[in-house]
Amino acid sequence: MRLIILGICLLSLLTTRLFSNDYFLIEDIGTSAKQVGLGMIDGFDDSSSTMFSNPAGLYRVKNISMSVFSTTFIDQIEYRNITMGARTPMGVWALGYQEASVFDIAQTSSVVHSEPLGYFDYKSSVVKLGYQYSVKSWLHLGANLSYFTQSFSDVYGQGTNLDIGAIAFYHRIEFSAALRNILTFSDVQYGEGVKEDLPLRGSLGVRVPIYDFDLYAQYHQKQSIALMSAGIEYRPSFFNYLTVFSGYRQYEVLSKVSNNLTFGVGLRLLNVGFSYAYERSDHFEFDHKNYFSVDVNF
Amino acid sequence: MYMSYRLLNFFQNIVAFIVLILLSFSAYSFSLEIVEIDFTRSTAPNVLNEWDGAGMFINSINYGRMFDLNSPLSSISETQVESNTILASRPYFYPNPFRLSDGSILGFRLFEPAIFEIRIYDMRAHELFKESFDSSLIGGHENIQIRFDSSSFHYAKLSSGIYFFLIIHEGKVIGRGKFALRPE
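Worth saying up front: this structure is predicted, and the values here are computed from it rather than measured.

**Section: the overall build of chain B**
Inference 1: Each helix and strand in chain B was counted, giving one helix and nine strands.
Inference 2: Its helices and strands taken in sequence order, chain B reads α-β-β-β-β-β-β-β-β-β from the N to the C terminus.
Inference 3: Burial statistics for chain B: of 184 residues in total, 49% are counted as buried.
Inference 4: Restricting to contacts in chain B with at least 6 residues of sequence separation, those with at least 24 account for 53%.
Inference 5: By element, 57% of the accessible surface of chain B is carried by carbon and sulfur atoms, the whole surface being about 9200 Å².

**Topic: unusual backbone geometry**
Inference 1: Residue P95 of chain B is reached from Y94 of chain B by a cis peptide bond, and omega for that bond is 0°.
Inference 2: Position of P95 of chain B relative to the elements: it lies in the loop between strand 3 (92-94) and strand 4 (104-108).
Inference 3: Omega for the bond connecting N96 of chain B with P97 of chain B falls within 30 degrees of zero, at 0°, which places this linkage in the cis form.
Inference 4: You will see that E192 of chain A, though not glycine, has its phi angle at about 55°, which is positive.
Inference 5: Along the chain, E192 of chain A falls in the loop between strand 8 (187-191) and strand 9 (194-197).

**Regarding the packing of aromatic side chains**
Inference 1: Taken as a whole, this structure holds 22 aromatic pairs over all chains when the rule is applied.
Inference 2: Ring pairs connect the aromatic residues F93, F98, F129, F148, F153, Y163, F165 and F179 of chain B, which therefore count as one cluster.
Inference 3: Across from the ring centre of F73 of chain A, 4.6 Å away, lies the NZ or CZ of K289 of chain A, which sits over that ring.

**Focus on the sheet that holds strand 3 of chain B**
All names here are of chain B.
Inference 1: Taking strand neighbours across the sheet as the criterion, the three strands line up as 3-4-7 in an open arrangement whose pairing is antiparallel. Two strands bound the open sheet, and with one partner strand each, they are strand 3 and strand 7 (144-148). Taken over all neighbouring pairs, the strand axes of this sheet differ in orientation by 30° on average, direction set aside.
Inference 2: Sheet topology note: the strand 3/strand 4 ladder contains three bridges and is antiparallel. Considered in strand 4, the bridge of Y92 is made with G107.

**Brief notes about the environment of L137 of chain B**
Inference 1: One can find L137 of chain B in the loop between strand 6 (127-134) and strand 7.
Inference 2: Each C-alpha atom of the pair L137 of chain B and I105 of chain B lies 16 Å from the other, and the pair is 32 residues apart in sequence.

**So, the sheet that holds strand 9 (residues 172-181) of chain B**
Residue and element names in this part refer to chain B.
Inference 1: Spatially, four strands are ordered 6-5-8-9 in an open sheet, and the strand pairing comes out antiparallel. A single partner strand is all that each edge strand has here, and the edge strands are strand 6 and strand 9. Taken pair by pair, the neighbouring strands of this sheet meet at an average axis angle of 20°, ignoring direction.
Inference 2: In this structure, strand 8 (residues 161-169) lies alongside strand 9, joined through nine bridges in antiparallel fashion. In the strand pairing of strand 9, H169 is matched with K172.

**Considering the pairing of strand 7 (residues 173-180) of chain A**
On a regular strand, one side chain projects to one face of the sheet and the next to the other, so that they alternate.
All names here are of chain A.
Inference 1: With respect to burial, strand 7 is a largely interior element, six of its eight residues being buried.
Inference 2: The pairing of strand 6 (residues 155-170) with strand 7 spans seven bridges and is classified as antiparallel. Bridge assignment links A166 to a residue of strand 7, and that residue is A177.
Inference 3: The hairpin formed by strand 6 and strand 7 contains two residues between the paired strands, and H171 there has a positive phi angle of roughly 55°.

**Re the environment of L95 of chain A**
Residue and element names in this part refer to chain A.
Inference 1: In this fold, L95 is placed in strand 3 (residues 91-107).
Inference 2: Overall, the relative accessible area of 46% leaves L95 in the partly exposed class.
Inference 3: When near neighbours in sequence (up to four residues on either side) are disregarded, L95 contacts M51, I82, T83, M84, V127, K128 and L129.

**Section: the nonpolar core**
One broad trend across soluble globular proteins is that nonpolar side chains are buried collectively.
Inference 1: Within the largest apolar cluster, 40 residues are counted, with the highest numbers of intra-cluster contacts made by F73, I77, Y79, V102 and Y122 of chain A together with M123 and I162 of chain B.
Inference 2: Elements that contribute at least two residues to this core include exactly helix 2 (33-37), strand 1 (64-73), strand 2 (77-88), strand 3, strand 4 (118-136), strand 5 (139-152) and strand 8 of chain A together with strand 8 of chain B.
Inference 3: Among the elements that make up this core, the one with the highest residue count is strand 3 of chain A (five residues).
Inference 4: The residues touching Y122 of chain A, leaving out its near neighbours within four places in the chain, are F24, A100, S101, V102, I105, Q150, S151 and F152 of chain A together with M123, G161 and I162 of chain B.
Inference 5: Counting residues in each nonpolar core, the second largest holds 28 residues, with L106, F116, F133 and F153 of chain B among its members.

**Thoughts on the side chain of S89 of chain B**
Residue and element names in this part refer to chain B.
Inference 1: With respect to the helices, strands and loops of the structure, S89 is situated in the loop between strand 2 (78-81) and strand 3.
Inference 2: Using a relative accessible area of 14% as the deciding quantity, one classes S89 as buried.
Inference 3: For S89, the side chain forms a polar contact with the main-chain nitrogen of R109, separated by 2.9 Å.

**Here's the deal with the environment of L141 of chain A**
All names here are of chain A.
Inference 1: Relative to the elements of secondary structure, L141 occurs in strand 5.
Inference 2: For L141, a relative accessible area of 36% corresponds to the partly exposed category.
Inference 3: Apart from residues no more than four positions distant in its own chain, L141 is found in contact with A56, Y131, Q132, Y133, V135, G165 and A166.

**Examining the pattern of salt bridges**
If the charged atoms of two oppositely charged side chains come close together, the side chains can form a pair.
Inference 1: Counted by the stated rule, this structure contains 23 salt bridges over all chains.
Inference 2: Among the ionic pairs, K195 of chain A bridges to D187 of chain A, the shortest N-O distance being 3.7 Å.
Inference 3: For K195 of chain A, a relative accessible area of 43% translates into the label partly exposed.
Inference 4: Here R147 of chain B makes a salt bridge to D149 of chain B, at a shortest N to O gap of 3.3 Å.

**Thoughts on a nonpolar patch on the surface**
Residue and element names in this part refer to chain A.
Inference 1: There is a patch of nonpolar side chains on the surface, built from I210, Y211, F213, L215 and I232 and spanning about 500 Å² of accessible area.
Inference 2: As for its position among the elements, L215 is in strand 11 (residues 213-222).
Inference 3: Its relative accessible area of 33% is what places L215 among the partly exposed residues.

**Overview of the confidence of the model for chain A**
Inference 1: In the predicted model, chain A carries a mean pLDDT of 91, and 93% of its residues have values of at least 70.
Inference 2: Contacts for the low-pLDDT stretch residues 11-21 of chain A, under 50 throughout, to residues beyond four places or in other chains number 25 contacts.

What counts as what
Residues numbered from 1 in each chain as written. Chains lettered and ligands numbered in written order. Predicted model: local features only at pLDDT ≥ 70, side-chain atom pairs only at ≥ 80, totals over all residues. Heavy atoms only, no water. Helix = DSSP H or I, 4+ residues; strand = E, 2+ residues; numbered from the N terminus. Buried < 20%, exposed > 50% of the residue type's maximum accessible area, 1.4 Å probe, protein only. Contact = heavy atoms within 4.5 Å. Areas by Shrake-Rupley, 256 points an atom, 1.4 Å probe, with all protein chains shown as cover. Phe/Tyr/Trp six-rings, centres within 6.5 Å; stacked < 30°, edge-to-face > 60°. Lys NZ or Arg CZ within 6 Å of the ring centre and 35° of its normal. Pairing = 2+ DSSP bridges. Axes fitted to C-alpha atoms, helices over the stretch in contact; angles between N-to-C directions. Core = buried A, V, L, I, M, F, W, Y, C linked by side-chain atoms within 4.5 Å. Polar contact = N/O pair within 3.5 Å; in protein donor to acceptor, adjacent residues only side chain to side chain. Salt bridge = Lys/Arg side-chain N within 4 Å of Asp/Glu carboxyl O. Patch = residues over 30% accessible without salt bridge, like charges linked within 9 Å, V, L, I, M, F, W, Y side chains within 5 Å. pLDDT = per-residue confidence, 0-100.

This is the structure:
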């Protein structure tokens, strides 16, 4: 019976529809330092931040959980997110907000070498309302309702969609399956008939605990491109406040697959966790990316 | 006694929740500071870190040390930014924002003929475009106009949003800026 349900999770990915890569999902840059440090493995965060990658992961919320995440790319793009989750007798509810901002973009006319007409800012945000319910002790389901907005200059767009996820255990092995933006008919509307598709994302991951190590692997579907990730986490039994993790991730740029190594470290004191992750960047000047997050789960 | 225990537990949870919120906001602000002093930020006074709108006009000679030498994760690299010996005007896309299908022109001027490189990055800091140009072959150094449209990115469907470009000459960044793509 368990294998059948696990198979359904897998089949849900095989039936993934393929759509053009239009709307830029800011969650793609990562939603927590641990997720990035493990190679962008979805669904295995220990706090409410997992709602962005797999809402079923909210089963790990004991009573109340909160997390914040921050990073800045090339000294220009600021990414932030904050999530809160709470366990109720009916399941776990969570609320998450992530945004990306860029400031001082020059607005120009079509006359070359003319002075700028002014400056504008860019902001993209997503708000998610998540709900998780444990069907069995070994099977957890979750769903998110998402609301997207993007604005810059005279452009303003908004859209909604739905995420679903499942987490299942087979002995000590944990499986995570998630589909984001499953409402393929829903997109971001800009007015006057202009719209962008909200791309469907599917992921299937596994965590295998071996002594003080946790091994991770993930298959991620992004449009017609299959991406793989792998990660390893070490939590020494003699000092379990500290975790060290590393990952390998594939990512897509202009339909070509590239890869990267990631590293990270986490510290958990009582119920408060601090995580840092690092990966290299393609950029000519800023070839390091740093991620930082804090979470509380009690 | 059981009710007292439950009441005490309830108030403990309230206090813990308030502490949690305060701690989270403190950590949030702290995280901003961490990012501000991260390894990749130049520690030298450097106009490169001061974005003057979307265009950059380099006014002074300085060495930008891009990485903290004391960091075990950093590699030693220096980017020398020379004075305005070559870039004569701020680079902008005309018009901006624009639809990729309509195209736009990157325009700027140089003081002298030069071979330079243009690189374009998306909001994930991934490189989308990299090409070298000889100013003498594209209309002269005093009126550089480089057209970008869908063909520049192999007709890939780029998302609407902000993109970043660098102008590189002899291994040094002489100019940078950003442009916005409208949704198609």
